[in-house]
Amino acid sequence: MAAAAMDCQQAVTNGVHKDGDAAEWKQVAELRAVTEAQDPACKDEDDHMLRRFLRARDHNIGKASAMLLKYLKWKPTAKPGGSISEEEVAHELSQGKLCLQGHDRQGRPMIYGFGARHHPSNRDMDEFKRFVVYVLDATVARLPPGQEKFAAVADLKGWGYSNCDIRAYLAALEIMQNYYPERLGRVFLVHVPYVFMAAWKIVYPFIDDNTKKKFVFVSDKELDWTLREAIDDAQLPEMYGGKLKLASSPPAAANK
């Protein structure tokens, strides 16, 4: 355990980690030492991964280690082959409920979700969870150097009670918060119908405090200004007045 901490601390001293402060990287070394002592699989995770878990628990090493150990136990079960294939989520992909294209002005890859295309009567929960992992992994793969977060637009135009799926929303939230911490940058909720707020009130208490502030409700009146401020015209989809043509292909194929 001491050797692991010394190795990481030496990397900090040698200037390998140039982003962030030395004190934080020292905590990352401590987190690695504590976690590797309980699960050697932690050796396969890089320091930036550990730093995200550390930040997600406000730099409390004990809480961050517990969170990281849970992730290390979940990972081989959720992705036994190391990743999720398109075949494993074919039904979810066929519905076109998500599109992964473009970046915002900060270089964060975008996810566009269309709530009215999701129907709880037409989904298998196990496949849906695999789909969430598939999409998050595909999004992470699109991250440019130096960027760790993604952004999203959740378009709820046409959303109604037949689309309401609290179990799926909570499952997606759990996966994102527990296993992909500090990956979400911002979510714009647009074209939000009044009936959606009943579902939101149920989900909201399950969102951690650091994540709550990343959800932004955008009124129709402010939609154009808000999206254009965040996303360059060339990267903004045509449906929002931009020049980007959204593809209908699966997320992994529409990642340019």
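Residues numbered from 1 in each chain as written. Predicted model: local features only at pLDDT ≥ 70, side-chain atom pairs only at ≥ 80, totals over all residues. Heavy atoms only, no water.

Under the annotation held in an unreviewed UniProt entry, the protein chain carries the name CRAL-TRIO domain-containing protein and is attributed to Urochloa decumbens.

Asks: Teacher, can you tell me more about the pattern of salt bridges here?
Replies: A side chain of one charge can pair with a side chain of the opposite charge if their charged atoms are brought near each other. Per the stated rule, a full pass over the model turns up 18 salt bridges. A salt bridge links Arg-32 to Glu-36, with the shortest nitrogen-to-oxygen separation between them at 3.2 Å. Linking Arg-32 with Glu-36, this pair stays in helix H2 (residues 22–36), spanning four residues, or about one helical turn. Comparing Arg-32 with Glu-36, the two get one shared label, buried. Beyond isolated ion pairs, a larger network of salt bridges with shared partners links Glu-24, Arg-51, Arg-52, Arg-55 and Glu-148. (Salt bridge = Lys/Arg side-chain N within 4 Å of Asp/Glu carboxyl O. Helix = DSSP H or I, 4+ residues; strand = E, 2+ residues; numbered from the N terminus. Buried < 20%, exposed > 50% of the residue type's maximum accessible area, 1.4 Å probe, protein only.)

Asks: What should I look at first to understand the sheet that holds strand E1 (residues 98–103) in this one?
Replies: Whenever strands of a sheet pair, they do so through backbone hydrogen bonds, lying parallel or antiparallel. As summarised here, the arrangement of the five strands in space is E1-E2-E3-E4-E5, forming an open sheet in which the pairing is mixed. Lying at the two open borders of the sheet, with one neighbouring strand each, are E1 and strand E5 (215–217). Shown here is a sheet whose adjacent strand axes are inclined to one another by a mean of 20 degrees, direction ignored. Bridging between strand E4 (residues 184–190) and E5 involves three bridges; their strand directions are parallel. (Pairing = 2+ DSSP bridges. Axes fitted to C-alpha atoms, helices over the stretch in contact; angles between N-to-C directions.)

Asks: I keep staring at the packing of helix H3 (residues 47–56) against helix H4 (residues 61–78) and nothing clicks. Help me out?
Replies: Think of two packed helices as two axes; the pair is described by the angle between the axes and how far apart they sit. The interhelical angle for the contact between H3 and H4, taken along N-to-C directions, is 125 degrees, at an axis separation of 8 Å. Taken together, the axes of H3 and H4 lie oblique to each other. For the pair H3 and H4, the sense of crossing is right-handed. Contacts between H3 and H4 involve Met-49, Leu-50, Phe-53, Leu-54 and Ala-56 on the former and, on the latter, Ile-61, Ala-64, Met-67, Leu-68 and Tyr-71. Class assignment for the residues of the contact of H3 with H4 results in ten nonpolar, no polar and no charged. (Parallel < 35°, antiparallel > 145°, perpendicular 65-115°, else oblique. Left-handed = near helix turned anticlockwise from the far one by under 90°. Contact = heavy atoms within 4.5 Å. Nonpolar A, V, L, I, M, F, W, Y, C, P; charged D, E, K, R; others polar.)

Asks: What is the right way to read the packing of aromatic side chains from this model?
Replies: The way to describe two aromatic rings as a pair is by their centre distance and the angle between their planes. For the structure on display, the rule yields ten aromatic pairs. On the basis of an interplanar angle of 55 degrees and a centroid distance of 5.4 Å, the ring pair of Phe-53 and Tyr-71 is categorised as tilted. One end of the pair, Phe-53, is in helix H3; the other, Tyr-71, is in helix H4, and 18 residues separate them in sequence. Between Trp-74 and Tyr-179, the aromatic rings sit 4.1 Å apart at their centres with planes inclined by 5 degrees, giving stacked as the arrangement. Note that Trp-74 is positioned in helix H4 and Tyr-179 in helix H7 (residues 166–179), a separation of 105 residues in sequence. (Phe/Tyr/Trp six-rings, centres within 6.5 Å; stacked < 30°, edge-to-face > 60°.)

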